[in-house]
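# Descriptive analysis of the structure
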Amino acid sequence: MLSLKYGVIADADTEVIIELRLPRILLATAVGAGLSVAGAVLQALFSNPLSEPYTLGISSGAAVGAVFGTTLGLEWVVAGLAGTAFCGALVFTLLLYLVSIRPGITAVTFLLAGVMLSFFGSSLVALWMALSDSNGIQGAMQWLLGDLSRARLSGAWFLFSGVFILSFILLSRWRELDALLIGEEAAITMGVPVPTVRRRLILLVSLLVGLCVSAAGMIGFVGLVVPHAVRRFVGSLHLRLLPLAGLWGAVAVTAADFVSRMFTQPYELPVGVVTALLGAPVFLWIILSRQKVA
Amino acid sequence: MHSWKTAKNLFTKTVLLTWLLPATVFAGDIIDATGASVSVSDSPKKIVTLVPSLAELAADIAEENIGRIVGVSEYSDYPPALEKVESIGPYFHFNLEKVVSLKPDLVLGTMDGNSKDQVMHLRELKLPVVIVSTENFAQVEDSMRIVSDAMGASSRAAQMITQFRTGLSRIRERASERAKKNSGKKLKVLLQIGADPLVVAGRKSFLNEALETIGAVNAYGDVEARYPRPSMEDVIKRGPDLIVVLALGRKKGPFQAMARDWGRFKNIPAVKRKQVFIVVADPLFRPTLRLLEGLSMLEKIVEKNINAQSQNI
Amino acid sequence: MDNIEPTESCIIKPALGVYGISYTYGDRPVLSDVTFELERGEIMALLGPNGSGKSTLMKVIAGILQLGADGCTGQVKYLGNDFLSMPFWIRARKLTYVAPDFRAEFPLTAEEAVMLGRTCYGFGHGGSFFRAVTNEDREAVHEAMDKCLCLGLKDRDLHTLSGGERQLVNLARAIAQGVKVLFLDEALSRMDLNHQAVIGKLLRVLASQGWAVMLVSHDVNLASEWADTGLLLNKGLCVVAKGKVKEVLSERNISLLYPGAGLTIGVNPSTGAPKVFFGKSEKDRHTD
């Protein structure tokens, strides 16, 4: 079945190609699930349907962290980059949180803050690229825009289990997330210890995004589009939303990866480019259809 | 019983002999430019090159058996026969799966251009990857030797290196003659690789040594980088006497535009004296004997310039 | 932790005791040493002009605004025990605050929204990760929505409901939560008259079952109709600590709270509840 999907390259069943493709599929699945779950949680946390790791700039924070990790030489340390990416994601998420609690913040203003953070992060990465010797630049650019080709079996398993564990922990918070659907004040009055929950969710989401970005670069719009699509079919309650969003996110990124490799042989499109090309129009459509409702 | 003893004796002698014989007789263990020891078969028949310069070098060494090369990176266009060989993608991000599917018994990569992560990944997949480095001419010679050894043609290396050294010494002689004629004055040359952003050759590129060999001075020879990206103001400050735009590939257009662009900065000595040249630089970038061709092209430009200068005086 | 159920001796203690609540927003004092007690079975109207701190008071007691910073002090006791140190989910089983409106940014049906009121039962004893919805929950929701006249709306998405309908749903949520103390902050303001009548009767029934209700409404007449007692706030200060509504809504108090409005007090002929009327204006008096 795998060879059917990937069989465009001839001889799709040599052992070593499985050694290359299996980690890649594993990684795509893990990253797709992780980003979708993170997106859904961010949407509940900030009560903002336009939230997701990429548009809010959290992914770019993770990228800055990962890039910083490479300058520290942590590339070859197990989870070294994931650690620095987590720190980067956390800093940006905290900044976002500070913005979100300002009185009078609207959904669109909040999103703008996220976009600014995203630019800021990208500029920091560009700065790093400018200061370093031009040798690794083009390779780095590929990673930044979303690159699943670096998948190794051990790394992919690490990521897969990390995403699985974190998603499960987030799933266990379904009650709190559901309560947050009608606002923080209502949630408090329904028994949710909101300040504590908020802290924990921010931490968990930053960890999740940090993991995904450190392994595969910035893949955008998955965390936005997948939860929205799934909600249309199963509603907003998280006990059902999170697992299904994870599942469909995994499918989406695996499919995007397939697209990124099949049509421009032997070149590989960065996966993030594919998700952006497909996801950005949907993002726009969501914004416009909200105007109608409002 | 007697025959058993003899057999054991013979066996022991053979074993001892194999241990004593030089390693190159058997599956070679090549020590490449990273210091890693790579185990390569005697005469690899399926070679993949990760960068055009190595494709050229490998083709040179393979001579008529160019069919030994089964995979090359994009723009491996010399010798022309390589254009029919399957492409594995651009050198900075080649297609791992493609390389693996070709089932090579030797992969040649370089530290100047290939992504370290990708090359390491190939090693992790148990492919024999031999890596070279070409920061200066000594390393260029080393790479000739390493690649020849890896391809099982060690004798070829000696040949190439001799030719290389001879060619170099001739060029150096001519350079010192020119220097005597000009009372030791050396031209300051800017070697431009790209524009937007402006990319030049720094000290860590072997182009630096190329300039030194032909008796010129690299305008950015003091910058400890391979290909620094200076600002225009910095270039004006350094005031090179000669600007050479190194054109790679077939499209001349962008490089001509680059050359014309310099016209805006009349303060640079090179521009004032109209000493901006485009050089089709493919030969320069290949650590093969074609490097000598490239050097003589540079040489001619330098000569022209010096003559022009002496006329002005 | 649920052993705060009333025993014989506890009936004497008030459901809610609020002592010395002060609250400042930054450097602006909003509440100043507010003290009162709310008995079980009592419906109290919290009245006062805009900005007098009514919502703030409710939010502080409900735990939405935190005490502890400079200028934010006070004590709240529930049946004699310190309320604000109880975990959030235990507090939610005793008291809840109903806001003037609620929005969900994402698709949510009315029934799901009411079900959210059962969240607090998912924590602590009897709560578990996978215990999504029990029969108890379903019954509570069904009953609450029935009482609040929104059972017919249960599968409708909140976006499609009118303001008044959403308020019914919000109220149902609070009732499904099974609390003993209910805070309604302008929670009836957009309902139809007939709904208001039904809800008013519902509040009386709940009170007779031992609930305590605090109502905020700037429709003074609405509040006075259903409430037994009133607490008047003026700029965060209790004007009249507590009293029967008839006593509290005196001409003197009304003119203190709403000076220059020329209001007079009358009586609802059917129920005897005090009513505030607009009197003749100064201008009219002059032309007489």
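Residues numbered from 1 in each chain as written. Chains lettered and ligands numbered in written order. Predicted model: local features only at pLDDT ≥ 70, side-chain atom pairs only at ≥ 80, totals over all residues.

### Thoughts on the overall build of chain A
Counting its regular elements, chain A contains 13 helices and zero strands. Sequence-ordered secondary structure for chain A, helices as α and strands as β, is α-α-α-α-α-α-α-α-α-α-α-α-α. For chain A, buried positions account for 53% of its 294 residues. A separation threshold of at least 6 residues defines the contact pool for chain A, and within that pool the share at least 24 residues apart is 77%. (Helix = DSSP H or I, 4+ residues; strand = E, 2+ residues; numbered from the N terminus. Buried ≥ 20, exposed ≤ 12 C-beta atoms within 10 Å, placed from the backbone. Contact = placed C-beta atoms within 7 Å.)

### A few points about the overall build of chain B
Within chain B one finds twelve helices and twelve strands. The 313 residues of chain B split such that 39% are buried. Taking the intrachain contacts of chain B between residues at least 6 apart in sequence as the baseline, contacts between residues at least 24 apart amount to 57%.

### Regarding the environment of Thr106 of chain A
Inspection of the secondary structure puts Thr106 of chain A in the loop between α4 (80–100) and α5 (107–131). Along the primary structure Thr106 of chain A and Asn48 of chain A are separated by 58 residues, whereas in three dimensions their C-alpha atoms are 9.1 Å apart.

### Notes on the sheet that holds strand β3 (residues 47–49) of chain B
Residues and elements named next belong to chain B. The sheet built from five strands is open, its strands ordered β5-β4-β3-β6-β7 with parallel pairing. Here the strands that pair on one side only, and so sit at the sheet edges, are β5 (86–87) and β7 (129–132). Relative to β7, strand β6 (residues 106–110) runs parallel, the two being bridged by four bridges. Looking across to β7, one finds that Thr110 is bridged to Val132. Along the sheet, helix α2 (residues 52–62) contacts β3, β4 (69–72) and β6; its crossing angle with β4, the most-contacted strand, is approximately 170°. In the packing of helix α5 (residues 137–150) onto the sheet, contacts are made with β6 and β7, and the angle to β7 comes to roughly 165°. (Pairing = 2+ DSSP bridges. Axes fitted to C-alpha atoms, helices over the stretch in contact; angles between N-to-C directions.)

### Quick word on the environment of Leu159 of chain A
Residue and element names in this part refer to chain A. Mapped onto the elements of the fold, Leu159 is located in helix α7 (residues 153–172). C-beta crowding within 10 Å serves as the criterion here: with 25 such atoms nearby, Leu159 is assigned to the buried category. Each C-alpha atom, one on Leu159 and one on Leu269, is 22 Å from the other, the two residues being 110 residues apart in sequence. Setting aside residues no more than four positions away along its own chain, Leu159 makes contact with Leu27, Ala30, Leu211 and Ala215.

### Comments concerning the domain arrangement of chain B
All names here are of chain B. According to the domain assignment, chain B consists of domain 1 (10–132) and domain 2 (183–312). Measuring from the centre of the C-alpha atoms in domain 1 to the corresponding centre in domain 2 gives 33 Å. Contact with domain 1, which involves seven residues of that partner, is made by eight residues of domain 2. Its residues assigned to classes, the side of domain 1 that touches domain 2 comprises three nonpolar, one polar and three charged. (Domains from an automatic or database assignment. Nonpolar A, V, L, I, M, F, W, Y, C, P; charged D, E, K, R; others polar.)

### Overview of the packing of helix α3 (residues 58–71) of chain A against α4 of chain A
Residues and elements named next belong to chain A. At their nearest, the axes of α3 and α4 sit 6 Å apart, and the two run at 140° to each other. Taken together, the axis directions place α3 and α4 in an arrangement best described as oblique. In the crossing of α3 with α4, the sense of the turn from one axis to the other is right-handed. Residues Ile58, Gly61, Ala62, Val64, Gly65, Ala66, Phe68, Gly69 and Thr70 of α3 form the contact with α4, whose own contacting residues are Gly80, Leu81, Thr84, Ala85, Phe86, Cys87, Gly88, Ala89, Val91, Phe92 and Thr93. Taken together, the residues of the contact of α3 with α4 sort by class into twelve nonpolar, eight polar and no charged. (Parallel < 35°, antiparallel > 145°, perpendicular 65-115°, else oblique. Left-handed = near helix turned anticlockwise from the far one by under 90°.)

### As for the confidence of the model for chain B
Summary statistics for chain B give a mean pLDDT of 83 and a share of 89% for residues scoring 70 or more. Per the prediction output, this complex has pTM 0.82; the corresponding ipTM is 0.87. (pLDDT = per-residue confidence, 0-100.)

### Focus on the sheet that holds strand β4 (residues 73–78) of chain C
Residues and elements named next belong to chain C. Read from one edge of the open sheet, four strands run β2-β1-β4-β5, paired in antiparallel fashion. The strands lining the two open edges of the sheet, one partner per strand, are β2 (28–38) and β5 (81–82). The pairing of β4 with β5 spans two bridges and is antiparallel. Bridge pairing links Tyr78 to Asn81 in β5. In this fold helix α1 (residues 54–62) packs onto β1 (16–25), β2 and β4, with an angle of close to 115° to the strand it touches most, β1.

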